[in-house]
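# Commentary on secondary and tertiary structure
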Amino acid sequence: MTVVEWPNAISPGLWPFRLAAPEQWSAVEPDEGLIAFLGPPVDGFRANLVLFGRRLPEDLTLGEVAELALLDGGPHRVVDPGIDQPAAPGGLPVAVRSSGTVVDGREVRQIAVVTEAPDHSPAGLRSVYTMLGTCLAGRADPDESTLTSVMASFELIR
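Now for a look at the structure at hand. All values reported here derive from a predicted model rather than from experimental measurement. (Residues numbered from 1 in each chain as written. Predicted model: local features only at pLDDT ≥ 70, side-chain atom pairs only at ≥ 80, totals over all residues. Heavy atoms only, no water.)

It is worth spelling out the packing of aromatic side chains at this point. Enumeration over the complete set of coordinates arrives at 3 aromatic pairs. Ring geometry for Phe-17 versus Tyr-129: centroids 5.7 Å apart, planes at 65°, classification edge-to-face. Residue Phe-17 is located in strand E1 (residues 17–18), and its partner Tyr-129 is located in strand E8 (residues 125–136); the two are separated by 112 residues in the primary sequence. Note on Phe-17: relative accessible area 24%, which makes it partly exposed. A centroid spacing of 5.5 Å and a plane angle of 25° characterise the contact between Phe-17 and Phe-154, whose relative ring orientation is stacked. Separated by 137 residues along the polypeptide, Phe-17 in strand E1 and Phe-154 in the loop between helix H2 (140–152) and strand E9 (155–156) bring together distant segments of the chain. (Phe/Tyr/Trp six-rings, centres within 6.5 Å; stacked < 30°, edge-to-face > 60°. Helix = DSSP H or I, 4+ residues; strand = E, 2+ residues; numbered from the N terminus. Buried < 20%, exposed > 50% of the residue type's maximum accessible area, 1.4 Å probe, protein only.)

Quick look at the sheet that holds strand E6 (residues 94–103) now. Strand order in the open sheet formed by 7 strands is E2-E3-E4-E8-E7-E6-E5, with antiparallel pairing between adjacent strands. Of all strands in the sheet, those bounded by a partner on one side alone are strand E2 (26–28) and strand E5 (77–79). Here the average twist between neighbouring strands, direction ignored, is 25°. Of the strand pairs in this sheet, strand E3 (residues 35–38) and strand E4 (residues 48–57) are connected by 4 bridges, and their pairing is antiparallel. Paired with Ile-35 across the bridge in E4 is Leu-51. (Pairing = 2+ DSSP bridges. Axes fitted to C-alpha atoms, helices over the stretch in contact; angles between N-to-C directions.)

Another point: the layout of surface pockets. The space that makes up the largest pocket amounts to roughly 340 Å³. Lining the largest pocket are 18 residues, with Leu-92, Val-94, Val-113, Met-151 and Ala-152 sitting closest to its centre. Listing elements by their share of the lining of the largest pocket, those giving two or more residues are E6, strand E7 (106–116) and H2. Here the lining of the largest pocket is built from residues that sort into 12 nonpolar, 5 polar and 1 charged. (1 Å grid on protein atoms, 1.4 Å probe; cavity = no way out; pocket = protein on both sides within 12 Å on 5 of 7 lines; lining within 4 Å. Points joined across faces, edges and corners; volume = space filled by probe spheres on them. Nonpolar A, V, L, I, M, F, W, Y, C, P; charged D, E, K, R; others polar.)

Turning to helix H1 (residues 62–71), its buried residues number three or more, namely Leu-62, Gly-63, Val-65, Ala-66, Ala-69 and Leu-70. Along H1, the residues classed as buried sweep out an arc of 160° about the axis, all on the same side. The secondary structure elements touched by the buried residues of H1 are E4, E5, E6, E7 and E8. (Arc of directions from axis to C-beta. Contact = heavy atoms within 4.5 Å.)

Structure (C-alpha cells):
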C-alpha cells in the first residue's frame, strides 16, 4: 500500500487565503462554499458574500467561471463591465461580472469576482476562487461598495 498525504504535488489542494469583512458582518459556513459573510438585516434582507474555491482546468477562463456562477442564480442579464485583468506583477488575475435577478420575489444585484492562484498541477488544474456578492437592487449604492471592498481584500497567503 502507498500512503498519500493530501495536499501533495499531484493534488495540491487550494491555496490558503485571507479576506477582510466589516465587523458588523457575520461569518458563516455555507452549504457549498468555503466561507460566507452576512451583512446586518436591512429591509428584511442581508447583503451577503459567498466565497467558493475549486480546482479547475486551464481551458476554463475566469470570465466563464464568473458567468457560470451568476447563471446558477438565474439572472435577468449578465454584464461584463470590461475590467478583467491578467495577473499584474505581484498581483492576481481577475474577472468581474454582474447581474440582476429576483430572489424570493425581491430584485437583487449580484457581483461575481473570480481569481486564481499561480499553482498548476501536472494535470493543468489550478485553484480558482469565486466571490459572489448579493444585495438588494434598491440598496446597490451602499451595499455594492461594501461588497467590492471585501472582495478587494482577498489575498493569497504565500
